[in-house]
Amino acid sequence: MAAAGPRRSLRGAVCRQLLLTLVIFSLAAEACKEVILNVPSKLEADKIIGRVNLEECLSSADHIQSSDPDFRVLNDGSVYTARAVVLSDEKRSFTILLSDRRKRTQKEVTVLLEHQKTVFKVLKKRHTRETVLRRAKRRWAPIPCSMQENSLGPFPLFLQQVESDAAQNYTVFYSITGRGVDQEPLNLFYIERDTGNLFCTQRVDREEYDVFDLIAYASTADGYLADQPLPLPIRVEDENDNHPVFTEAIYNFEVSESSRLGTTVGVVSATDRDEPDTMHTRLKYSILEQTPRSPGLFSVHPSTGVITIVSHYLDREVVDKYSLIMKAQDMDGQFFGLIGTSTCIITVTDSNDNAPTFRQKSYEAFVEENVFNVEILRISVEDKDLINTANWRANFTILKGNENEHFKISTDKGTNEGVLCVVKPLNYEENRQVNLEIGVSNEVPFMRDIPRMTALNRALVTVHVRDVDEGPECSPAAQFVRIKENLAVGSKINGYKAYDPDSRSSNGLRYKKLHDPKGWITIDEISGSIITSKTLDREVETPKNELYNITVLAIDQDNRSCTGTLAVDIEDVNDNPPDILQDYVVICKPKMEYTDISAIDPDEAVHGAPFYFSLPNTSPEVNRLWTLTKVNDTAARLSYRKNAGFQEYIIPITVKDRAGQSATKMLRVNLCDCPHPSQCHETSRSAGVILGKWAILAILLGIALLFSVLLTLVCGVFGVTKGKRFPEDLAQQNLIISNTEAPGDDRVCSANGFMTQTVNNSSQGFCGTVGSGMKNGGQETIEMMKGGNQTLESCQGAGHHHTLDSCRGGHTEVDNCRYTYSEWHSFTQPRLGEKLHRCNQNEDQMPSQDYVLAYNYEGRGSPAGSVGCCSEKQEEDGLDFLNNLEPKFITLAEACTKR
């Protein structure tokens, strides 16, 4: 009893859940009327078992679903078996779910399947009987059927009989659906339920319904479909009951009057509602009537409706508009065909088929001399073409008599008249009468092929010139005179000449200067001659090759005047020397070996190039360090020699033109140690700052070298007192300080004197004995020898080849004053090494790698090249450049590392 309680509770919960589900389902899907279908107990697959009217339940359903997978439902409500089904019970049901997903509505239709054994027994007996009688099977297939539109009946009109093959086994009943039955037009067709006879109830218009697609059904008394639905199309046969109709009630076309034969005017078209591609819609076009009535000008193609011109030409000036009545007839134009009409309006447009003509053949006009921009005559013409069009507007032309361009003719757009004007003054004394030939045409070309007489388009105009008492005449307006520049002030030259047109002379005329750009001349009032008041300078006038124009006013006794121009051609004189364009140049040594200078001459070419450049002999130092060579006619090349130092030079350069006019210019040349001329000042400033440190080191090194030399001299003097001599075989083992690697004499004949020699033109000197001043390729060698007791200061000087002979007085044989090389080396090497070691240390007595090493020119052809790239400015920026040094530093690097 205890266990029964939980079971009842569980059962109650399940029931409540099912009840709740049923309530929710009933709220979500509303049930429709139940449908009962009588079916056999055994159903074959893919067989229709009946139809359900789904529209009564939910006409807007867009989704249909069956709850039983054994049955499927089509959109029209037909129920088919999905597989073979055997009904074990007398009743079986399933549900059809209808959904409208747009409105979110659902409805259900319950289908109940019933079968009765008695019914099947009767059917079985009937089947047995029919089998014994061996009835022939009838075909259940579409039967061609048609009916005539607009049929007169009698109605209902029998169409055909429908029979099913299933009638051999069952008692079947026939029904139909489709347009004309349960769709518009409703009740147009019906079928007898027992016989299958199909009838039509009223007349049909084919243009509204050309075919009716019916579906016939054969079912048993219990609603079982004994056979597949039969498509039953009923075609409506056409009758010629529609007239052709033109696409437009009135057609409007335009055609030019100059159109040729065969020109298309336009196209007309008509339609017929009868059945296409039949005689009922085969149309033929024709022209019923033309207004105004005249010989036929137009024709229409019978099949296409294209209207063309069949006359030679139209004349707008006679008739400008035509009206045609167009006809379209079906049945290919046969007399019993139906007819449709339309109106066609054809407008004839204007063409230039009428040339303008003068109203008279000749005209006369009068004009006073010396007047211009005045109207002297108006000429009218006639033209039959359309007014205010290009075919009507006239274009006038002066064909003859206007060679001097005194006249101009134009068209008055309002009146279409030709207006003749004088645009350039006439002279009565030259020509008292002018005969003009005037021609006229239209703005567009003449269209007709018929030639016209050209005399109708031409007219003669006689212009009479009247005499007038006139003032002076400045002719020609511009007169020329040639004057040399630099002409003396007060010189008189022929000036401008005007004349009186009546007397053809210049007597009685006065002249005045109206405009003189520079005020260089004055004008004689009576003769018109010009007098120079200032010196004429051709180079002042800009541009120089143009004329110097002076405006002159000529006045007669009646104060009538005319204006003329006196064009003065100033002849050039060689009064300007050439001028060098450059004032200051920068040469980067040794990257640049020269610089080019150029000159110009403001005079004409005959007094200009070629120029001759030269260095004057006034400065020997400049001539020793600089050379000048010709580049072209206007340029020269200034080059420096190898021994030229870094500084700014003032170089005088003389340039002379081809006529001998010359000038000398002091050219500032900055010979600079720089990679580019634009960086010259930056490099100089940077080097000046860095040289402060190196100067100190260089002084220390110089002091060390001087002390070593003094010690050598002291040892030399001591050796002389001992009478010690160098062996002859050691003559070549002396220490030589040389400024070149070129071969030279290794022995210098000298007494105990020393020479002060500059290194690369620097101001620091070294003392040594000098025999003869030996040179090799411009490089001087100095051999260090032992000396006397003279001090270093007594032998220093600023010049070259200075010896100490003047200090000591007297000479000593060289062979008596030499030491052995070993003695020299043992004495000087430790001391020089100590001095260099001190130079290699910084302020904290630590080894330093940026000490100064003295170096000199190593001779021509050195593979190391120039060391000009070693700039102290780079050391300011950092020492990274030492990692990428070029081969030019190889020799210097080796000298610095070998100690």
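## So, the overall build of the chain
Then comes step 1: When you go through the chain residue by residue, the secondary structure sums to 9 helices and 55 strands.
Then comes step 2: For the chain, buried positions account for 38% of its 899 residues.
Then comes step 3: A separation threshold of at least 6 residues defines the contact pool for the chain, and within that pool the share at least 24 residues apart is 67%.
Then comes step 4: Carbon and sulfur atoms make up 52% of the accessible area of the chain, which amounts to about 52000 Å² in all.

## Comments concerning the state of the cysteines
Then comes step 1: Scanning all chains against the criterion turns up 4 disulfides.
Then comes step 2: Two residues share a disulfide in this structure: Cys-588 and Cys-674, whose sulfurs sit 2.2 Å from each other. Disulfide Cys-588-Cys-674: torsion about the S-S bond near -90°, hence left-handed. Of this pair, Cys-588 sits in strand S44 (residues 584-588) while Cys-674 sits in the loop between strand S50 (662-672) and helix H5 (680-722), and the two are 86 residues apart along the sequence. Judged on exposure class, the residue Cys-588 and its partner Cys-674 are both buried.
Then comes step 3: Here Cys-672 engages in a disulfide with Cys-680; their sulfurs sit 2.3 Å apart. In this structure, the disulfide formed by Cys-672 and Cys-680 twists by about 110° around the S-S bond and is classed as right-handed. Of the two residues, Cys-672 and Cys-680, both sit in the buried class.
Then comes step 4: With no disulfide of its own, Cys-145 lies 9.6 Å from the sulfur of Cys-200, the closest cysteine sulfur.
Then comes step 5: According to the relative accessible area criterion, Cys-145 is buried, its value standing at 12%.

## With respect to the side chain of Asp-274
Then comes step 1: Within the fold, Asp-274 resides in the loop between strand S21 (270-271) and strand S22 (284-291).
Then comes step 2: No salt bridge is formed by the buried Asp-274; the nearest opposite charge belongs to Arg-206, separated by 5.3 Å.
Then comes step 3: Among the polar contacts made by the side chain of Asp-274, one reaches the side chain of Asn-242 at a distance of 2.7 Å.
Then comes step 4: Contacts of Asp-274, omitting those with residues within four sequence positions, involve Arg-206, Glu-207, Asp-238, Glu-239, Asn-240, Asp-241, Asn-242, His-280, Thr-281 and Asp-330.

## Examining the pattern of salt bridges
Then comes step 1: The full count for this structure, using the stated rule, is 26 salt bridges.
Then comes step 2: Note that Arg-206 is salt-bridged to Glu-207, the shortest N-O span being 3.2 Å.
Then comes step 3: Of the residues examined, Glu-207 reaches a relative accessible area of 16% and is grouped as buried.
Then comes step 4: Notably, a salt bridge pairs Asp-583 with Lys-665, separated by 2.4 Å at the nearest N-O pair. Taken together, the residues span a long stretch of sequence, with Asp-583 in the loop between strand S43 (579-580) and S44 and Lys-665 in strand S50 at a distance of 82 residues.
Then comes step 5: Overall, the relative accessible area of 47% leaves Asp-583 in the partly exposed class.
Then comes step 6: Residues joined in a network through salt bridges with shared partners are Asp-68, Asp-70, Arg-83 and Arg-92.

## Focus: the environment of Phe-212
Then comes step 1: Here Phe-212 is to be found in strand S16 (residues 211-219).
Then comes step 2: Along the primary structure Phe-212 and Pro-233 are separated by 21 residues, whereas in three dimensions their C-alpha atoms are 5.6 Å apart.
Then comes step 3: Beyond its immediate stretch of four places on either side in the chain, Phe-212 contacts Arg-179, Pro-185, Leu-188, Phe-189, Val-204, Leu-232, Pro-233, Ile-234 and Val-236.

## Quick look at the sheet that holds strand S31 (residues 394-400)
Then comes step 1: What the 4 strands build is an open sheet, ordered S28-S35-S34-S31; its pairing is mixed. Looking at the sheet topology across the chains shown, the edges are occupied by strand S28 (362-368) and S31. For this sheet, the mean inter-axis angle between neighbouring strands, taken without regard to orientation, is 30°.
Then comes step 2: As defined by bridge partners, strand S34 (residues 433-442) adjoins strand S35 (residues 458-466) across 7 bridges and the pair is classed as antiparallel. What sits directly across from Asn-435, in S35, is Thr-462.

## Some words on the environment of Gly-180
Then comes step 1: Mapping Gly-180 onto the fold places it in the loop between strand S13 (173-178) and strand S14 (189-191).
Then comes step 2: Note on Gly-180: relative accessible area 0%, which makes it buried.
Then comes step 3: As a C-alpha pair, Gly-180 and Asp-213 span 33 residues in sequence and 8.8 Å in three-dimensional space.

## Looking at the sheet that holds S14
Then comes step 1: Spatially, the 3 strands line up as an open sheet ordered S12-S15-S14, and their pairing is antiparallel. Single-partner strands in this sheet number two, and they are strand S12 (157-161) and S14. This sheet shows a mean twist of 25° between the axes of neighbouring strands, independent of strand direction.
Then comes step 2: As paired elements, S14 and strand S15 (residues 197-200) share 3 bridges and run antiparallel to each other. Note that in S15 the partner of Tyr-190 across the bridge is Phe-199.

## Notes on the side chain of Asn-391
Then comes step 1: With respect to the secondary-structure elements, Asn-391 resides in the loop between strand S30 (381-382) and S31.
Then comes step 2: A distance of 3.0 Å separates the side chain of Asn-391 from the side chain of Asp-350, its partner in a polar contact.
Then comes step 3: Not counting residues up to four positions away in its chain, the partners in contact with Asn-391 are Asp-350, Ser-351, Asn-352, Asp-383, Asp-385, Asn-442 and Val-444.

## Thoughts on the pairing of S28
Within a regular strand, the side chains alternate between the two sheet faces.
Then comes step 1: Burial of S28 is one-sided: the residues Tyr-363, Ala-365 and Val-367 facing one way are buried, the residues Ser-362, Glu-364, Phe-366 and Glu-368 facing the other way are not.
Then comes step 2: Bridging between S28 and S35 involves 7 bridges; their strand directions are parallel. Within S35, the position partnered with Ser-362 by the bridge is Leu-460.

## A look at the pairing of S13
Then comes step 1: Across the 6 residues that make up S13, a large majority, 5, are buried.
Then comes step 2: Bridge count for S13 against S16 is 6 bridges, and the pairing is antiparallel. Looking across to S16, one finds that Gly-178 is bridged to Leu-214.

## Comments concerning a nonpolar patch on the surface
Then comes step 1: A grouping of Ile-696, Ile-699, Leu-700, Ile-703, Phe-707 and Leu-710 is seen on the molecular surface, where their side chains present a nonpolar patch of about 540 Å² in accessible area.
Then comes step 2: Locating Leu-700 in the fold gives a position in helix H5.

## Comments concerning the packing of aromatic side chains
Then comes step 1: This model, assessed by the stated rule, comprises 14 aromatic pairs.
Then comes step 2: Lying across the ring of Phe-173, Arg-193 places its NZ or CZ 3.7 Å from the centre.
Then comes step 3: Above the plane of the ring of Tyr-594 lies Arg-637, whose end atom (NZ or CZ) is 4.0 Å from the centre.

## What to know about the confidence of the model for the chain
Then comes step 1: When pLDDT is averaged along the chain, the result is 74; 70% of the residues meet or exceed 70.
Then comes step 2: Note on residues 117-139: pLDDT under 50 across the span, and 27 contacts to partners over four residues away in sequence or across chains.
Then comes step 3: Long-range and interchain partners of residues 683-691, a stretch whose pLDDT sits below 50, account for 12 contacts in this model, where long-range means more than four residues apart.

## Points about unusual backbone geometry
Then comes step 1: With an omega dihedral of 10°, the bond running from Gly-153 to Pro-154 counts as a cis peptide bond.
Then comes step 2: Mapped onto the elements, Pro-154 comes out in the loop between strand S11 (146-148) and S12.
Then comes step 3: A positive phi angle, close to 55°, is found at Arg-104, a residue other than glycine.
Then comes step 4: Tracing the backbone through its elements, the reader meets Arg-104 in the loop between strand S9 (91-100) and strand S10 (105-114).
Then comes step 5: The exposure class assigned to Arg-104 is exposed, which follows from its relative accessible area of 79%.
Then comes step 6: Positive phi values are uncommon outside glycine, yet Asn-416 reaches one of about 65°.
Then comes step 7: For Asn-416, the location among the structural elements is in the loop between strand S32 (407-412) and strand S33 (417-422).
Then comes step 8: In this structure Asn-416 comes out as buried when scored by relative accessible area, which is 3%.

## Regarding the environment of Leu-514
Then comes step 1: Along the chain, Leu-514 turns up in strand S38 (residues 510-515).
Then comes step 2: Judged by relative accessible area, which is 48%, Leu-514 ranks as partly exposed.
Then comes step 3: In this structure the C-alpha to C-alpha distance between Leu-514 and Leu-553, which are 39 residues apart in sequence, comes to 6.4 Å.
Then comes step 4: Those residues within four positions of Leu-514 in sequence are excluded, and the remaining contacts are Thr-551, Leu-553 and Thr-563.

What counts and how
- Residues numbered from 1 in each chain as written.
- Predicted model: local features only at pLDDT ≥ 70, side-chain atom pairs only at ≥ 80, totals over all residues.
- Heavy atoms only, no water.
- Helix = DSSP H or I, 4+ residues; strand = E, 2+ residues; numbered from the N terminus.
- Buried < 20%, exposed > 50% of the residue type's maximum accessible area, 1.4 Å probe, protein only.
- Contact = heavy atoms within 4.5 Å.
- Areas by Shrake-Rupley, 256 points an atom, 1.4 Å probe, with all protein chains shown as cover.
- Disulfide = S-S within 2.5 Å.
- Lys, Arg positive; Asp, Glu negative; His and termini not counted.
- Salt bridge = Lys/Arg side-chain N within 4 Å of Asp/Glu carboxyl O.
- Polar contact = N/O pair within 3.5 Å; in protein donor to acceptor, adjacent residues only side chain to side chain.
- Pairing = 2+ DSSP bridges.
- Axes fitted to C-alpha atoms, helices over the stretch in contact; angles between N-to-C directions.
- Patch = residues over 30% accessible without salt bridge, like charges linked within 9 Å, V, L, I, M, F, W, Y side chains within 5 Å.
- Phe/Tyr/Trp six-rings, centres within 6.5 Å; stacked < 30°, edge-to-face > 60°.
- Lys NZ or Arg CZ within 6 Å of the ring centre and 35° of its normal.
- pLDDT = per-residue confidence, 0-100.

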